[in-house]
Amino acid sequence: NESREFVRTSTDVIEEHKTLLWMLGTVSSALAGWAVYTARRLHYEKIEGHMTKIHEKISGIEKAEREQEQFLGRQATLGLTPLNMVLVLGPAVLSSFMVGYLAGRTQG
């Protein structure tokens, strides 16, 4: 009896306040959707901030690599060409052989 009375009372309360309960459910559902949307938007903003920092770092690294390549390219053209190597090493080797020849002739 008591359980039937509880069910009957609950049914009467629900029937009397059906519109109010429906409106509360709709409002709470809308608020939950808004909360999810806001959380997702904040999360995406955070991710985009991190991606921007990563992009800036990569751009800085690429810029440094380009500058280094340009510097090394200028260094190669300044003094490390094959012609310059021959012009420096040729006389050095010939003078070394000459010194060795003269030392050998005078010593024995």
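Our structure is the block above this text.
Residues numbered from 1 in each chain as written. Predicted model: local features only at pLDDT ≥ 70, side-chain atom pairs only at ≥ 80, totals over all residues. Heavy atoms only, no water.

Asks: Any chance you could explain a nonpolar patch on the surface here in plain terms?
Replies: A cluster of nonpolar side chains, contributed by Met-85, Val-88, Leu-89, Val-93 and Phe-97, occupies part of the molecular surface with about 500 Å² of accessible area. Tracing the backbone through its elements, the reader meets Val-88 in helix α3 (residues 82-107). (Patch = residues over 30% accessible without salt bridge, like charges linked within 9 Å, V, L, I, M, F, W, Y side chains within 5 Å. Areas by Shrake-Rupley, 256 points an atom, 1.4 Å probe, with all protein chains shown as cover. Salt bridge = Lys/Arg side-chain N within 4 Å of Asp/Glu carboxyl O. Helix = DSSP H or I, 4+ residues; strand = E, 2+ residues; numbered from the N terminus.)

Asks: What's the story with the pattern of salt bridges in this structure? I'm lost.
Replies: Once their charged atoms are close, side chains differing in charge can pair, the charge on each being opposite to the other. What the rule picks out here adds up to three salt bridges. Salt-bridge contacts for Glu-15 lead to Lys-18; the nearest nitrogen and oxygen are separated by 3.4 Å. Between Arg-41 and Glu-45 there is a salt bridge, with its nearest N and O atoms 3.2 Å apart. With Arg-41 and Glu-45 both in helix α2 (residues 18-79) and four residues apart, the pair spans about one turn of that helix.

Asks: Explain α3 here, please?
Replies: The α-helix advances 3.6 residues per turn, and as a result positions three or four apart in sequence lie on the same side. End to end, α3 covers 37 Å across 26 residues, agreeing with the expected 38 Å (1.5 Å per residue, within 8%). Across the 26 residues of α3, zero count as buried, placing the element largely on the outside. (Expected span 1.5 Å × (residues − 1). Buried < 20%, exposed > 50% of the residue type's maximum accessible area, 1.4 Å probe, protein only.)

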